[in-house]
Amino acid sequence: MDCIIDAELKLPRINNKYCISRFSRTLILSSDYRNAKEALSISCRNIFITTPYGIRIDVETYADIDSCVKAVIDVVSEKIGMNDKDCLQLIVNKKRRKRGSPDKIKVYVWGIK
């Protein structure tokens, strides 16, 4: 099991993923979501993992446990060069933090034989 993310940052929230474009009146990714996902991507290191694979997310946050999971899976899948459909195990552990505190996250991945 390799730790590929160990960071303290503002995690992307699924509730803030989209906003309405002022010009075309369509849904677009919000800048807050894009920036948070980019920060998560920068803190993620590249490794080689065989498919299928598993992901363990240890997060300390005030937010709902599911609000950052999809963004984390997307970032990890991009970094390890896999499709998220190849993820067969997902373990998420949450430790509650005070509102307004920065989020902490550790992400581990492993190949499943």
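Definitions and cut-offs
- Residues numbered from 1 in each chain as written.
- Predicted model: local features only at pLDDT ≥ 70, side-chain atom pairs only at ≥ 80, totals over all residues.
- Heavy atoms only, no water.
- Helix = DSSP H or I, 4+ residues; strand = E, 2+ residues; numbered from the N terminus.
- Expected span 1.5 Å × (residues − 1).
- Buried < 20%, exposed > 50% of the residue type's maximum accessible area, 1.4 Å probe, protein only.
- Arc of directions from axis to C-beta.
- Lys, Arg positive; Asp, Glu negative; His and termini not counted.
- Salt bridge = Lys/Arg side-chain N within 4 Å of Asp/Glu carboxyl O.
- Contact = heavy atoms within 4.5 Å.
- Polar contact = N/O pair within 3.5 Å; in protein donor to acceptor, adjacent residues only side chain to side chain.
- Pairing = 2+ DSSP bridges.
- Right-handed = clockwise from strand over helix to strand, strands pointing away.

S.K.: Please explain helix α1 (residues 31-42) as it appears in this structure.
M.R.: Every α-helix winds through 3.6 residues per turn, so residues three or four apart in the chain are directed the same way. Compared with the 16 Å implied by 1.5 Å per residue over 12 residues, the 16 Å span of α1 between its first and last C-alpha is a close match. Considered for burial, the residues of α1 that qualify are Y33, A36, K37, L40 and S41. Buried residues of α1 fall within an arc of 140 degrees about the axis and therefore sit on the same side. Summarising the geometry of α1, the exposed residues directed more than 90 degrees from the buried face are D32, N35 and I42.

S.K.: Help me understand the side chain of K17, please; the structure alone is not making it clear to me.
M.R.: Along the chain, K17 falls in the loop between β1 (2-9) and β2 (18-20). With no salt bridge to any partner, buried K17 finds its closest opposite charge in D74, at an N-O distance of 5.0 Å. Once residues lying within four places of it in the same chain are set aside, the contact partners of K17 are I28, L29, S30 and Y33.

S.K.: I keep staring at helix α2 (residues 69-80) and nothing clicks. Help me out?
M.R.: Taking 1.5 Å per residue as the helical rise, α2 with its 12 residues ought to reach 16 Å, and the 16 Å between its terminal C-alpha atoms agrees with that figure. Burial analysis of α2 places nine of its 12 residues in the buried class, the great majority of the element. Those residues of α2 that fall on the buried side of the exposure criterion are V69, A71, V72, I73, D74, V75, V76, S77 and I80. Packed against the buried residues of α2 are β1, α1, β4 (53-61), β5 (87-96) and β6 (103-111). Positive phi appears at G81, one or two residues downstream of α2, with a value of about 70 degrees.

S.K.: Hey, could you run me through the side chain of S67 in this one?
M.R.: Tracing the backbone shows S67 in the loop between β4 and α2. The class for S67 is buried, based on a relative accessible area of 5%. Looking at S67, its side chain comes within polar contact range of the main-chain oxygen of D64, at 3.0 Å. Not counting chain neighbours up to four residues away, the residues in contact with S67 comprise P12, R13 and I14.

S.K.: Would you explain the pairing of β5 in this entry?
M.R.: Side chains on a regular strand alternate between the two faces of the sheet. Pairing geometry for β4 and β5, over nine bridges, is parallel. Paired with D58 across the strands is N93, a residue of β5. The β-α-β motif built from β4, the intervening α2 and the parallel element β5 has right-handed crossover chirality.

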